[in-house]
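Listed below, chain by chain, are the residues.
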Amino acid sequence: MTDATGLVVAAAALGAGTFAFRFAGPVLRSRVELSPRLEHVMAVSAVVLLTALVATATLVDDHGFAGAARPAGVAVAGALAWRRAPFVVVVLAAAVTTAALRLVGVP
Amino acid sequence: MRSVWRTLAPGTARDIGLVCLADTIVGASFGAITVAAGLPLWLPTLLSVVVFAGASQFMFVAIVASGGNPFAAVAAGLLANARHLPFGFAVGDAIGTGWLHRLVGSHLMTDEAVAFTLAQREPDRRRAAYWACALALFGCWNVGVVVGAIGGASIGDTGAFGMDAAFPAVLLALVLPALRQAGMRTPALVGATVAVVAAPFLQAGLPVLLALLGVLVTRAWRVDPHHRESTPEPIREGATP
C-alpha cells in the first residue's frame with residue numbers, strides 16, 4: 001500500500017484539482033459579462049447535472065444495478081415531493097422505505 | 001455570517017439541518033470504512049478537509065485501499081469532481097465577490113449547497129442558502145468523519161438505515177420544482193437517461209458529465225430566457241410549502 005507521504009501528496013493533488021474546478025466558475029463569471037441567455041443555459045446545466053446525479057445515485061452502484069430497495073425509496077420520495085410534501089418528510093420517507101425493504105430481505 | 005441565518009427562507013434552516021444529519025452519518029461511515037481498510041487514522045480527516053467531496057473521497061479510499069496507484073485514485077476523484085466547474089458558473093453569484101468569499105465559498109461547494117441555492121430566486125436568499133448549507137455541511141461532515149474514524153467498528157452498515165437513498169432524495173426534492181417546467185424537464189430527462197445508460201461502461205463521474213448532452217440535444221440556449229414560461233422557477237418556494 002502507498003506510504004504516508006504518497007497519501008498526503010495524492011490527497012493534496014486531489015484537493016488542489018477539485019478546488020480548481022470549484023474556483024473557476026465564480027472567477028470566470030466575474031471576468032466576463034454573461035448574457036441572460038448564457039445565464040439561463042448555466043441554470044439549465046446545473047439542473048441537468050443534479051438530475052443526472054439523482055438518477056445515477058439511485059440506480060447505479062459500482063457499474064451495476066443498485067438493487068430494488070434504493071430506487072423504491074427514492075421513488076416514494078419523488079412521489080411525495082411531486083405532491084409538495086415537506087422536505088423532511090420526503091427525505092425521511094426515502095430512508096425509511098429503503099431500510100424497511102432491506103429489513104425484509106429486498107437487496 | 002449572522003445575516004445569512006436571518007435572510008434564510010423560512011424552513012430552509014431546518015431542511016439544511018436534516019441534510020447535515022444525513023451527511024454526518026455518511027461521513028461517519030466514510031471515516032469507519034477508511035480506517036477499517038487499514039489506512040491511517042488521519043487520512044479520512046485530511047481528505048475531508050482538503051477535498052471535501054464525498055463521492056470522490058470514497059473512490060479515492062477504495063482505490064488506494066485495494067492497492068491501486070494513488071495517481072489513479074487522484075484521476076478518478078478529479079473526474080468525479082469535474083461537475084463543480086459548471087456548478088460554479090451557476091451559483092457564482094451566490095458565493096459573492098471578494099477574494100475571501102470566493103476562496104472559501106468555492107472550496108465549500110457541494111451538490112447539496114448548489115441544489116439549495118438553485119431552490120431560491122432572490123439574490124439575498126440564494127446567497128444565504130448557499131453559505132448556510134456550505135458552512136453547516138463542512139462542519140457536520142468533518143465531525144462525522146472524525147467520529148467514524150475513531151469509533152470505527154461500532155458504526156454499522158449505513159445501508160441498513162437507507163442512507164444511500166437519502167442523498168438522491170435530497171437532490172430530487174430540491175430539483176423537482178424546476179423539473180415541473182417543460183423547458184427544464186426535457187434536457188434533464190434526456191441527460192439523466194444518457195447518464196444511466198452510460199454508467200455501467202464508464203468511469204464514475206463521466207456519465208454525469210455526459211448528461212450535459214441533454215442541454216445540447218434540446219438546444220436549451222434557444223429558449224428565450226426573458227419569456228415568462230421559460231424562466232427557471234425557483235426550485236422550491238421557501239423550501240417548504
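Quick caveat: nothing in here was measured; it's all calculated off a predicted structure.

Analysis parameters
Per chain, residue numbering runs from 1 following the sequence as it is written. Labels are handed out in written order, letters beginning with A for the chains and numbers beginning with 1 for the ligands. Totals for whole chains, interfaces and linings use all residues, but because this is a predicted model, local features are given only for residues with pLDDT of at least 70 and pairs of side-chain atoms are given and counted only at 80 or more. Only DSSP runs of H or I covering at least 4 residues are called helices, and only runs of E covering at least 2 are called strands; the numbering of each starts at the N terminus. Exposure classification rests on a simple neighbour count of other C-beta atoms within 10 Å of a residue's own: a residue reaching 20 or more is buried, one at 12 or fewer is exposed, and one in between is partly exposed. C-beta atoms are placed from the backbone. By definition, residue pairs are in contact when their C-beta atoms, positioned from the backbone, come within 7 Å. The nonpolar core is taken to be a set of buried Ala, Val, Leu, Ile, Met, Phe, Trp, Tyr and Cys residues joined by way of C-beta atoms within 7 Å. Per-residue confidence from the prediction method is given by pLDDT, with values spanning 0 to 100.

**A look at the overall build of chain A**
From N to C terminus, chain A includes four helices and two strands. Its helices and strands taken in sequence order, chain A reads α-α-β-β-α-α from the N to the C terminus. Dimensions of chain A, computed from C-alpha atoms along their principal axes, come out at roughly 50 × 50 × 25 Å. In chain A, which comprises 107 residues, the share counted as buried stands at 46%. Expressed as a percentage of contacts within chain A between residues at least 6 apart in sequence, the contacts between residues at least 24 apart total 39%.

**Brief notes about the overall build of chain B**
If you tally the helices and strands in chain B, you get 13 helices and zero strands. The order of α-helices and β-strands along chain B, N terminus first, is α-α-α-α-α-α-α-α-α-α-α-α-α. For chain B, contacts bridging at least 24 residues in sequence account for 72% of all contacts bridging at least 6.

**Digging into the nonpolar core**
One finds Val47, Ala77 and Val91 of chain A together with Ala169, Ala173 and Val175 of chain B to be the most contacted residues of the largest nonpolar core, which totals 110 residues. With residues near it in sequence (within four places) discarded, Val47 of chain A still touches Leu118, Val175, Ala178, Met184 and Ala188 of chain B.

**Brief notes about the interface of chain B and chain A**
If you look at the interface, chain B gives 84 residues, while chain A gives 70 residues. In terms of residue count, helix α10 (residues 163-179) of chain B provides more of the side of chain B that touches chain A than any other element does, 15 residues in total.

**Describing the confidence of the model for chain B**
Residues and elements named next belong to chain B. When pLDDT is averaged along chain B, the result is 88, and 88% of the positions lie at 70 or above. Segment residues 227-231: pLDDT under 50, and five contacts once partners within four positions in sequence are set aside and those in other chains are kept. Low confidence marks residues 236-241, where pLDDT is under 50. Its contacts with residues over four positions away, or in another chain, come to 18 contacts. Among the prediction metrics, the complex's ipTM stands at 0.93, with pTM recorded as 0.87.

**Describing the environment of Gly54 of chain B**
Residue and element names in this part refer to chain B. Structurally, the position occupied by Gly54 is in helix α4 (residues 54-65). In this structure Gly54 comes out as buried when scored by C-beta crowding, with 22 C-beta atoms within 10 Å. Residues Gly54 and Val26, 28 residues apart in the sequence, show an inter-C-alpha distance of 8.6 Å. Apart from residues no more than four positions distant in its own chain, Gly54 is found in contact with Val26 and Phe30.

**Considering unusual backbone geometry**
Its identity is not glycine, yet Arg84 of chain A carries a phi of approximately 60°, on the positive side. With respect to the helices and strands, Arg84 of chain A occurs in the loop between α3 (69-82) and α4 (87-103). One non-glycine residue with positive phi stands out, namely Phe52 of chain B, at about 50°. With respect to the secondary-structure elements, Phe52 of chain B resides in the loop between α3 (42-50) and α4.

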